[in-house]
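A look at the structure
Chain by chain, the residues run as shown.
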Amino acid sequence: MKKYIFKRILLGLLVLAGVVTITFFLTRVLPSNPAAQWVGPRATPEQIAAAIKTLGLDKPLIVQYKTYVLNLLKGDLGVSLRSKQPVLTELKTYVPPTLELVLISTVFAVIIGIPLGLYSAKKKDKLLDHFCRFFSVGAVSLPTFWVALFLQLIFYRWLQLLPLGGQLDAKLKLMYEVPKITGMLTFDTLITGNMTLFVDALKHIILPGITISLYPIGLVARMTRSALLEILGEDYIKAAKSYGLKDNLILWKYALKNSLGTTATVLALSVGYTLVDTFLVEAIFNWPGVGNYISTAVMSMDYPAIIGVTLLSASSYVILNLIADIIIAVDPRVRT
Amino acid sequence: MTESKVPYLHIKDLKVNFKTHEGTKKILDIDEIKIDKGQAYGIIGESGTGKTVLALTILKLLEMPPGEIASGRILLDGDDLLKKTDKQMEREVRGKKISMIFQDPMSTLNPVYTVGDQLINVLVKNQNLKKKEAKVKALEMLKLVDLPDPERCMDKYPHELSGGQRQRVIIALALSCGAEFIIADEPTRNLDVTIQAGILKLIKNLQRTLNVTVLFIANNPGLISSTCDNAAVLYKGEIVEQGNTREVLKNPKHPYTFVLLNAIPKSKNEKINLSRIAITDVEENLDGACIYYNKCIKKTDDCKTLQKNIKISETHTVKCCLAEEN
Amino acid sequence: MNTYNSWKKIKSKYAQLRLNIYLLKKNTLTKWALYGVVLLTLIALIVPIILPEDVHVTQDANPRDKLLPPSSDHLFGTDELGRDIFKRVLLGTNISLRTAVLAVGAAILIGVPIGAVAGYYGGFTDELLMRLTDIFLGFPPLLLAIVIAAFLGPDLNNATLAIALSWWPWYTRIVRGQAVSLTERPFVKAAQAMGTPSARIILKHIIPNCIAPVIVQASMDIGGVILTIAAISFLGLGAQPPTPEWGLMVSTSRNYFLNAWWYSIFPGLAIFFTVLIFNLLGDGLREILDPKTRKN
């Protein structure tokens, strides 16, 4: 058990090292011109040459790689070519809003996706099952970016109920001092007790929240359903029924605990999808998160920023998968 | 057996089919089974004859579809189980009146809960106990089934137990319900021979001491002879012979029962006469013929049309037109 | 004896096929999804012939007709250059389906040989190749494709390549598992005993025998790949104007959609329904072909 977890952590580190290497070489091997980016569009050849020197682009690739890795180990992600700010500092301000969205989507995935999958499996081939399946397949088939526009059209343009984008109303930002504790506004405004700000923050997060949540809900519901169908066919479920245990107890306690491993893996996967979905959605809602940051970085070939975000997303994804695998390993069936 | 007495479990004209893409397939066609209260009743048959389907049908746990109960009645204390809804079965019958010991000790226990937890769940539900009381009772149950070191077993997960120990836990679970009727579906099938004997003895003792009714399903007549008062032989979903266990096993009248009994070596020196088992791939499809017609070594032309139950004695019936009436 | 055996084999294959067709017929949703896929394929094949290089489709021809709401003339309305959105959406079918099939095909071409080699040789080769696969799977889904597409430069072909380069590990995993068990099978052992070169064994025995699960997986992946292409194009990294690509159309519509709802709604619906149909089919196929979820 301990050996397994140790091995798994080692593999996680290997994967992260691989991710760094692949991303680094991608940025160098593939055609792009960071030096020109650094000095801007109207630079003289001398300026570009100077920039190449400052950025260390004249050195052999392997030396550049070494410098990059050494800096990385010190926690230095490099300097953004566009803003000339350290990438790490920039990420610190961009991560919390994204985390806010990811947390919301994960909570929804758990409290809506799991019961949906559960009842769908219980009522297999009944009307409810067909509805749930259609909904969950539909949810994973929706282009997120389009859903964002669609919701804006309905709730902003037609019903005029919710704001178009951003985290807070511009006027309110001037009137009140916006709390900065975690960086997640709905949370910060709630614990500081500023109800006006909280309600406004809540209004702003509804549309991006829904958009981002649809995919994970569908994914979790689908996977829970198929995992459960397999378990409900097992002998021990039949046996539990023969002992007169209630259907609901069997479903919620017996079957669900047995499907925990699958659910954990799926949640890790769904967070992975959500992270990338923010790339598509945040720009539409003008949400000041990592997704917004990387879409600008991608447009301007700001490679330190791109590697920074890639590394951040990949490491959170790897860590989540690690946690999921450990949860599975804690399962007494796998435990040896 | 007196005719006037109402049997505890009475199965009548039960027909169960499986619907597949190739059409409807007959799985069970049982004329009658009567089991009295406190009795142990055995059902023998090779694998695939519908023994487990019968057990699951009584509890209404048969998967439908593909299963389908075409007709019949299953009366428990005069109450027709087939007329009950699933909710009624859950509330009134399963666990309360009937529970079941499943055949595979490896897959019958939930792998992610400890033995104690599983027992406590069942006890809390069926005996209206508080959690603490249930824990005490669970320990008692484990002692009752002669599980070595019951205290430690309470906190163990199923995979930490041996096959025999698991089967004892499963018996404890079935008994914990407090049901008066227990279906034991080949409880010793996947166990070593030495352990088999222990489990059999346990079931027999418990049946006597707790005065429960047992429907004992086995593929080996030897297991029935020591445990059951009455027995039935099942072949392709039909009961071909039934009655008092000793009479059926000592004096088999159906050619199939004969073959079944002879397939088991009684002692080292006895040779099995394999010639009695007709091995044939030819499957004549005859409607209305005796179900054993294709494999029977004694068949006559009468067997193609005649199918009737013949009473050998008050306590012994056989479904073979060649058997002589007494 | 041999003919008897092969006859039996054919018979069981036939029975299997009949069972699958029966299950397909019984599963109404999957059946309709299959019809849907056929319809989409027909649209993808026929529309480019009927509407070749139409001025309404690719060039700005009718500036007077710009941003007209849906009408009998323009079923889905027109865009900012006066082009007919309905025709553009129809033409987009070909682009989406073609790129998706190409991307999945390329991913299979990369992934399958790697998986077969890893599974067949085992040991160090296996360890090395599978850890490499793990690294590629360490990127959150879609992220690697976006990053590669970004560095290759905005172009539909680059985006297709990017998707293939990020998608292959899934096929490697499937094939490797199959290859490991196939290597133990008598016919592979026999081939080894006869001194058949490894490369030949992999090509003739291993790969053909693991192609079925790969195809099932591919059919399930098509929907996701179509969505990914649309997403990459939406970010501006895939198809370039004036290509009638759905994701790109939704992307361009962002500047106009608040006053011209039809502009973003219809291309988006086209993506949604296409992906939905492929996903339903993939789901159904898995349910039919996977013995675990199949119960009679």
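Here's a quick rundown of the structure.

Cut-off values and rules
- Residues numbered from 1 in each chain as written.
- Chains lettered and ligands numbered in written order.
- Predicted model: local features only at pLDDT ≥ 70, side-chain atom pairs only at ≥ 80, totals over all residues.
- Heavy atoms only, no water.
- Helix = DSSP H or I, 4+ residues; strand = E, 2+ residues; numbered from the N terminus.
- Buried < 20%, exposed > 50% of the residue type's maximum accessible area, 1.4 Å probe, protein only.
- Contact = heavy atoms within 4.5 Å.
- Patch = residues over 30% accessible without salt bridge, like charges linked within 9 Å, V, L, I, M, F, W, Y side chains within 5 Å.
- Areas by Shrake-Rupley, 256 points an atom, 1.4 Å probe, with all protein chains shown as cover.
- Salt bridge = Lys/Arg side-chain N within 4 Å of Asp/Glu carboxyl O.
- Axes fitted to C-alpha atoms, helices over the stretch in contact; angles between N-to-C directions.
- Parallel < 35°, antiparallel > 145°, perpendicular 65-115°, else oblique.
- Left-handed = near helix turned anticlockwise from the far one by under 90°.
- Nonpolar A, V, L, I, M, F, W, Y, C, P; charged D, E, K, R; others polar.
- Buried area = accessible area lost by both parts, 1.4 Å probe.
- Polar contact = N/O pair within 3.5 Å; in protein donor to acceptor, adjacent residues only side chain to side chain.
- Phe/Tyr/Trp six-rings, centres within 6.5 Å; stacked < 30°, edge-to-face > 60°.
- Pairing = 2+ DSSP bridges.
- Right-handed = clockwise from strand over helix to strand, strands pointing away.

Our next topic: the overall build of chain C. From N to C terminus, chain C includes twelve helices and zero strands. For chain C, the succession of helices and strands along the chain, N to C, is α-α-α-α-α-α-α-α-α-α-α-α. Considering chain C as a whole, with its 296 residues, one finds that 50% of them fall into the buried category. Taking the contacts inside chain C whose residues are at least 6 apart along the sequence as the reference set, 69% of them involve residues at least 24 apart.

Looking now at a nonpolar patch on the surface. Residue and element names in this part refer to chain C. Residues W32, L34, Y35, V38, L42, L45, I46, I49 and I50 make up a contiguous nonpolar surface patch of about 950 Å² in total accessible area. Checked against the element boundaries, I49 lands in helix α2 (residues 28-50). Given the relative accessible area of 64%, I49 is considered exposed.

This part takes up the packing of helix α1 (residues 2-29) of chain A against helix α15 (residues 303-330) of chain A. Residue and element names in this part refer to chain A. Closest axis-to-axis distance for the α1/α15 pair is 10 Å, and the angle between their directions is 160°. It follows that α1 is roughly antiparallel to α15 by the angle criterion. Between α1 and α15 lies a crossing whose hand is right-handed. Tallied by class, the residues present in the contact of α1 with α15 amount to 16 nonpolar, six polar and three charged.

Right, let's talk about the interface of chain C and chain A for a bit. Buried accessible area, meaning the area lost when the parts come together, often serves as the stated size of an interface. Across the contact, 47 residues belong to chain C and 55 residues belong to chain A. Taking both partners together, chain C and chain A bury about 4700 Å²; carbon and sulfur atoms supply 78% of that area. Of all residues in chain C, the largest losses of buried area upon contact with chain A belong to P141, F151 and L258 of chain C, amounting jointly to 16% of the total for that side. The interface formed by chain C and chain A holds one salt bridge in total. For the pair chain C and chain A, the interface holds six residue pairs in polar contact (both at pLDDT 80 or more). Counting residues per element, the ones that place at least two in the side of chain C that touches chain A are α5 (123-137), α6 (143-152), α10 (211-234), α11 (246-253) and α12 (261-289) of chain C. If you tally residues by element for the side of chain C that touches chain A, the top one is α12 of chain C, at 13 residues. Taken together, the residues that form the side of chain C that touches chain A break down as 33 nonpolar, seven polar and seven charged.

In this section: the interface of chain A and chain B. Contacts between the two partners involve 19 residues from chain A and, on the opposite side, 31 residues from chain B. Carbon and sulfur atoms make up 58% of the surface buried where chain A meets chain B, a total of about 2400 Å² over both sides. Among the residues of chain A in contact with chain B, K238, S242 and Y243 of chain A are the three that bury the most area, contributing 28% of the side total. Where chain A touches chain B, the interface holds zero salt bridges. Applying the counting criterion to the chain A and chain B interface returns ten residue pairs in polar contact (both at pLDDT 80 or more). Mapped onto the side of chain A that touches chain B, the elements with two or more residues apiece are α11 (235-242) and α12 (247-258) of chain A. The residue makeup of the side of chain A that touches chain B, split by class, is six nonpolar, three polar and ten charged.

Let us now look at the side chain of T245 of chain B. For T245 of chain B, the location among the structural elements is in helix α10 (residues 245-250). You can call T245 of chain B buried: its relative accessible area is 3%.

What follows is about the packing of aromatic side chains. This model, assessed by the stated rule, comprises 22 aromatic pairs over all chains. Each ring, one from W146 of chain A and one from F150 of chain A, has its centre 5.3 Å from the other, and the planes form 20°; the classification is stacked. A residue pair is termed a helical-turn pair when its members lie 3 or 4 positions apart in one helix, as W146 of chain A and F150 of chain A do in helix α7 (residues 144-158) at four residues. A relative accessible area of 5% places W146 of chain A in the buried class. On the numbers, 6.0 Å between centres and 25° between planes, the contact of Y256 of chain C with Y263 of chain C is stacked. Overall, Y256 of chain C belongs to the partly exposed group, its relative accessible area being 27%.

Time to look at the sheet that holds strand β10 (residues 238-244) of chain B. Residues and elements named next belong to chain B. Overall, mixed pairing links the eight strands, which are arranged β6-β7-β8-β3-β9-β10-β12-β11 in an open sheet. The sheet is open, and its two borders are formed by β6 (98-101) and β11 (310-313), each paired with just one other strand. Strand-to-strand twist across the sheet, computed as the mean angle between neighbouring axes with direction ignored, equals 20°. In this structure, β10 lies alongside strand β12 (residues 316-318), joined through three bridges in antiparallel fashion.

The next point concerns the pairing of strand β7 (residues 181-185) of chain B. Consecutive residues of a regular strand have side chains that alternate between opposite faces of the sheet. All names here are of chain B. Extensive coverage of β7 is indicated by the burial of five of its five residues. Note that β6 and β7 share four bridges and pair parallel. By the bridge assignment, M100 is partnered in β7 with I183. Where β7 and strand β8 (residues 213-218) come together, five bridges link them in parallel fashion. Paired with D185 across the bridge in β8 is I217. Crossover handedness for the path β7 to helix α8 (residues 193-210) to β8: right-handed.

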